[in-house]
Amino acid sequence: MRIMKKIPFKLPQLSLIVAAITMISPLHGSSFAGQVGDYRLVAGDRSLQQWLLPEAPPYPAGNEPTQQRITLGKMLFFDPRLSSDGNMSCGTCHNPMFGWSDGMSTGVGHKGQKLGRATPTVINTAYNYIQMWDGRKATLEDQATGPMEASVEMNTDFDRLFGMLRNNDEYRAAFAAAYPGEAINDDTIAKAIASFERTVVSNNSPFDRWVRGDASAMTKQQVRGFRVFLDEDKGNCAVCHSAPNFTDDGFHNLGLASWGDENPDMGRFVHKPVNVLKGAFKTPTLRDIALTAPYFHDGSAADLMEVVAHYEKGGVTKNNLSPSLKSLKLSTQDKQDLVAFMHALTSEHEPFALPTLPVIEPAMAEIEKESASEFAVIDR
Ligand code: HEC
Ligand code: HEC
């Protein structure tokens, strides 16, 4: 009974005291060292949960990623016989050893041709709402046959390819298991490859573990870097590299030096002729970013510090610059913290095993023919 009486009297008093402490405390509002905008930079805080990716990536109707589809897609992704010269697979350019990119400033295609743009990673493309630097493809299914069709990339002869796959027992069985009742054609090839790509995911980095509540997952420096990343008056990075996949799936002109070239790459503008989109490219994810140097669509930044230096200047060729881009005031410490934070976005990946590819009969038959003639020589 005593308690019952006391409570209604004490509570308002208590809340007054709390309010007073809050107002005089340096921990109040945005002056709290761990507060940026709406975010409270404390491991596991509710305000941070929007940075966690959904456990499983979305997939389109009719292509649920079953184990059989993933297995088939993995074979196709790494099979160089999908290319006309039999020497280039998706994995040649999207190489798991280089963070599913190629470590080069721009890609190298069919017969060594230098491509105009850098090879983006396949990691977390499953979460993209739009594909390619210029957004010319909507989904992974739409995208998958593009590199095969491109004469500068895999230069695939589709009739020959379909023949090869349909005449091979192992591939025929794999397609039947993955897409029962469907033909072996560009549609099922694309769906299988897309299903495999949806397994190439980075969602367990130190940053993710920190957001889930493990305070020791990121260093103090990395947490400071995240603060710079979020702070509109510092890095202002999150306006474009937004939650949860560090991209807004939008297109921006960052004023790269190559935008000043005589015939610059027009980027998104080619597919959507709106002035702001001249020289605008898709915001890439920053997950596993430490693995995929060099950076930008033209591969012009050698490392993450060079990227930060570019943003600090607010661009080089500044006509048609994104309105969200401005030169930044960053201390040396801020810049080092930012780079340290970006390193916290790399997941530890399970060891990755390449698939064993089916033996293709025509090739085998040719080898047998050759060895038969060798024997013929020995016999004589
Ligand atoms: C010769 C190198 C090369 C080969 C081979 C290649 N790619 Fe690419 N890939 C690139 C380049 C370069 C781009 C960016 C092109 C652009 O945006 O204009 C790209 C873009 C992509 C994207 C879009 C990623 C994003 O974030 O928007 C996906 C997905 C992809 N490739 C998957 C594949 C698949 C699947 C294959 C095999 C069928 C393949 N690639 C073969 C070089 C290659
Ligand atoms: C105006 C939107 C915008 C802002 C602000 C922004 N970025 Fe970017 N970021 C992009 C776009 C778009 C690209 C690709 C541009 C290109 O290659 O032409 C990119 C590319 C990058 C890359 C290279 C990615 C790769 O795969 O090549 C890194 C790293 C990066 N940004 C980090 C940052 C950091 C750190 C900040 C804050 C200091 C920041 N970004 C601010 C839009 C933005």
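Placed above this text is the structure.
One structure accompanies this document, and this report is about it.

Thresholds, definitions, all that
Residues numbered from 1 in each chain as written. Chains lettered and ligands numbered in written order. Predicted model: local features only at pLDDT ≥ 70, side-chain atom pairs only at ≥ 80, totals over all residues. Helix = DSSP H or I, 4+ residues; strand = E, 2+ residues; numbered from the N terminus. Expected span 1.5 Å × (residues − 1). Buried ≥ 20, exposed ≤ 12 C-beta atoms within 10 Å, placed from the backbone. Contact = placed C-beta atoms within 7 Å. Core = buried A, V, L, I, M, F, W, Y, C linked by C-beta atoms within 7 Å. Near = placed C-beta within 6 Å. Nonpolar A, V, L, I, M, F, W, Y, C, P; charged D, E, K, R; others polar. Axes fitted to C-alpha atoms, helices over the stretch in contact; angles between N-to-C directions. Parallel < 35°, antiparallel > 145°, perpendicular 65-115°, else oblique. Left-handed = near helix turned anticlockwise from the far one by under 90°.

## Brief notes about helix α12 (residues 332–343)
Turning to step 1, where the next piece is worked out: The end-to-end C-alpha separation of α12 is 17 Å, in line with the 16 Å expected for twelve residues at 1.5 Å each.
Turning to step 2, where the next piece is worked out: Taken together, the buried positions of α12 are D334, K335, D337, L338, A340, F341 and M342.
Turning to step 3, where the next piece is worked out: Where α12 is buried, its residues meet α10 (220–230) and α11 (304–313).

## A look at the nonpolar core
Here is a general trend for soluble globular proteins: nonpolar side chains tend to be buried in one another's company.
Turning to step 1, where the next piece is worked out: Membership of the largest hydrophobic core comes to 36 residues, with the highest contact counts inside it found for L72, L76, F175, A192 and I193.
Turning to step 2, where the next piece is worked out: Of all the elements, helix α8 (residues 186–197) adds the most residues to this core, at six residues.
Turning to step 3, where the next piece is worked out: Once you skip the residues sitting within four places of it in the chain, I193 turns out to touch G73, L76, F77, C90 and A144.
Turning to step 4, where the next piece is worked out: Of all hydrophobic cores here, the second largest spans 22 residues; its members include L48, V223, V228 and L345.

## With respect to the site of ligand 2
Turning to step 1, where the next piece is worked out: Around ligand 2, the structure places 26 residues, and the nearest of them are C237, C240, F281, Y295 and H297.
Turning to step 2, where the next piece is worked out: Per-element tally for the shell around ligand 2: the top contributor is α11, with four residues.
Turning to step 3, where the next piece is worked out: Across the shell around ligand 2, the residue classes tally to 17 nonpolar, nine polar and no charged.

## Some points on the packing of α11 against α12
Turning to step 1, where the next piece is worked out: Following both chains from N to C, one finds α11 and α12 inclined at 130°, their axes separated by 10 Å at the closest point. Considering the angle they form, α11 stands oblique to α12. α12 is crossed by α11, and the crossing has right-handed handedness. Of the residues in α12, those in contact with L304, M305 and V308 of α11 are K335, L338, V339 and M342.

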